[in-house]
Amino acid sequence: MLDIAVLVSGGGTNLQAVIDAVESGGITNTRITGVISNNKNAYALERAKEHGIKSICVSPKDFPSRAEFNQGFLEAVDALEPDLVVLAGFLVVIPPEMIEKYRNRMINIHPSLIPSFCGTGYYGLKVHEAALSRGVKVVGATVHFVDEGTDTGPIILQKAVEVEQGDTPEVLQRRVMEQAEWKILPRAIDLIANGRVKVEDGKTVILQ
Ligand code: GAR
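Sequence order sets the numbering: in each chain, residues are counted from 1 along the sequence as written. Two thresholds apply to this predicted model, a pLDDT of at least 70 for residue-level local features and 80 or more for giving and counting side-chain atom pairs, whereas whole-chain, interface and lining totals are computed over all residues. Here the side-chain values reflect all heavy atoms present in the structure, with hydrogen atoms and water set aside.

Some words on the pairing of strand β1 (residues 2–8)
Okay, step 1: With seven of seven residues buried, β1 lies mostly within the body of the structure.
Okay, step 2: In this scheme, a residue with accessible area under 20% of its type's maximum is buried, one over 50% is exposed, and one in between is partly exposed, where area comes from a 1.4 Å probe on protein chains only. Helical segments are the DSSP runs of H or I of at least four residues, strand segments are the runs of E of at least two, and each set is numbered from the N terminus. A two-sided burial pattern is seen for β1, the buried positions comprising Leu-2, Ile-4, Val-6 and Val-8 on one face and Asp-3, Ala-5 and Leu-7 on the other.
Okay, step 3: Sheet analysis places β1 next to strand β2 (residues 30–37), joined by seven bridges and oriented parallel. Bridged to Val-6 within β2 is Val-35.
Okay, step 4: Crossovers are marked right-handed if the path from the first strand over the helix to the second runs clockwise, as seen with the strands pointing away from the viewer. For the handedness criterion, the β-α-β arrangement of β1, helix α1 (residues 13–24) and β2 is classed as right-handed.
Okay, step 5: The sheet contact formed by β1 and strand β4 (residues 84–87) spans four bridges and is parallel. Looking across to β4, one finds that Leu-7 is bridged to Leu-87. The criterion for strand pairing is that DSSP finds at least two bridges linking the strands in question.

See the structure below:
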């Protein structure tokens, strides 16, 4: 059984996709041991509570310094004893100590086809604004392991989505979520839970 901790900052639609997949059997061998947010108003926390999942807020506002917040956050994650940490719309920079501790055991969903529209400053709606302003015709989402860089870790799954005439950033964001994010994040967790993802030379191999 893979115990996962899901880290969130906002609405939690990706968390919802994971909860639904665990409940419906789309993800097997997996238990969500807790959801942690850095933001007490994150609707994601309500989603967790509605499904009887332990939900915790660890806010930087409750700590005198960033270093102490990082320490407190890591302790909250460790307390859940996760086999896998899932960043599902978690918008806090992960401290190096946590990256080291959870190497190849922490994944992130990013709303673009990495290496396009990723890295520092590319998050949430900003990614879709940048894609529309560049005029690309295909966008998508990526699930990857987290390493020291921003969106640079080994890629696990990607899915492409077409841009349509007249898209706004909001409309495009929703299509990328529906057609890509809510599918590949649960799928990646299921693959990991069933021992089908291996990291070799900084790249993943999906075992058949
Ligand atoms: C999602 O689109 C996710 O890919 C993105 O934030 C959104 C959170 O939505 N994450 C990033 O941009 C990380 N760089 P949600 O709270 O409804 O899942």
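Continuing now.
Comments concerning the nonpolar core
Okay, step 1: Note on terminology: a nonpolar core comprises buried Ala, Val, Leu, Ile, Met, Phe, Trp, Tyr and Cys residues joined through side-chain atoms within 4.5 Å. One finds Ile-107 and Ile-189 to be the most contacted residues of the largest nonpolar core, which totals 43 residues.
Okay, step 2: No other element matches the ten residues that helix α6 (residues 169–193) contributes to this core.
Okay, step 3: Counting 20 residues, the second largest nonpolar core, distinct from the first, contains Ala-5, Val-58, Phe-69 and Val-146.

Some thoughts on the packing of α1 against helix α2 (residues 43–50)
The axes of two packed helices give the description: the angle between them and the distance between them.
Okay, step 1: Close contact between α1 and α2 brings their axes to 9 Å; oriented N to C, the two are set at 15°. When the axis of α1 is compared with that of α2, the two are roughly parallel. Seen from above, α1 lies across α2 with right-handed handedness. Mapping the contact onto sequence places Thr-13, Leu-15, Gln-16 and Ile-19 in α1 and Ala-44, Arg-47 and Ala-48 in α2.
Okay, step 2: Of the residues assigned to the contact of α1 with α2, the class counts are four nonpolar, two polar and one charged. Every axis in this analysis is a line fitted to C-alpha atoms, fitted for helices over the stretch in contact. Angles between the N-to-C directions lie between 0 and 180 degrees. Here the word oblique covers every angle except those under 35 degrees (roughly parallel), over 145 (roughly antiparallel) and from 65 to 115 (roughly perpendicular). Crossing handedness is read from the near helix: turned anticlockwise from the far helix by less than a right angle, it gives a left-handed crossing, and turned clockwise, a right-handed one. Contacts: residue pairs with any heavy atoms within 4.5 Å of one another. When residues are grouped by polarity, Ala, Val, Leu, Ile, Met, Phe, Trp, Tyr, Cys and Pro land in nonpolar, Asp, Glu, Lys and Arg in charged, and all others, Gly among them, in polar.

Thoughts on the pattern of salt bridges
Okay, step 1: By salt bridge we mean one thing: a side-chain nitrogen of Lys or Arg within 4 Å of a carboxyl oxygen of Asp or Glu. Following the criterion strictly, the structure yields nine salt bridges and no others.
Okay, step 2: In this structure, Arg-31 and Asp-3 form a salt bridge, with 2.8 Å as the shortest nitrogen-oxygen distance. Of the two residues, Arg-31 sits in strand β2 while Asp-3 sits in strand β1, which places them 28 residues apart along the sequence.
Okay, step 3: Since its relative accessible area comes to 43%, Arg-31 is described here as partly exposed.
Okay, step 4: Across the salt bridge formed by Glu-46 and Lys-49, the nearest N and O atoms sit 3.5 Å from each other. Remark: Lys-49 and Glu-46 occur in helix α2; sequence separation between them is three residues, near one turn of the helix.
Okay, step 5: Relative accessible area serves as the criterion here: at 34%, Glu-46 is assigned to the partly exposed category.

Some remarks on the environment of Ile-53
Okay, step 1: As for its placement among the helices and strands, Ile-53 is situated in the loop between α2 and β3 (55–57).
Okay, step 2: Filtering out sequence-adjacent residues up to four positions away, Ile-53 remains in contact with Ile-19, Ile-32, Gly-34, Val-35 and Ala-48.

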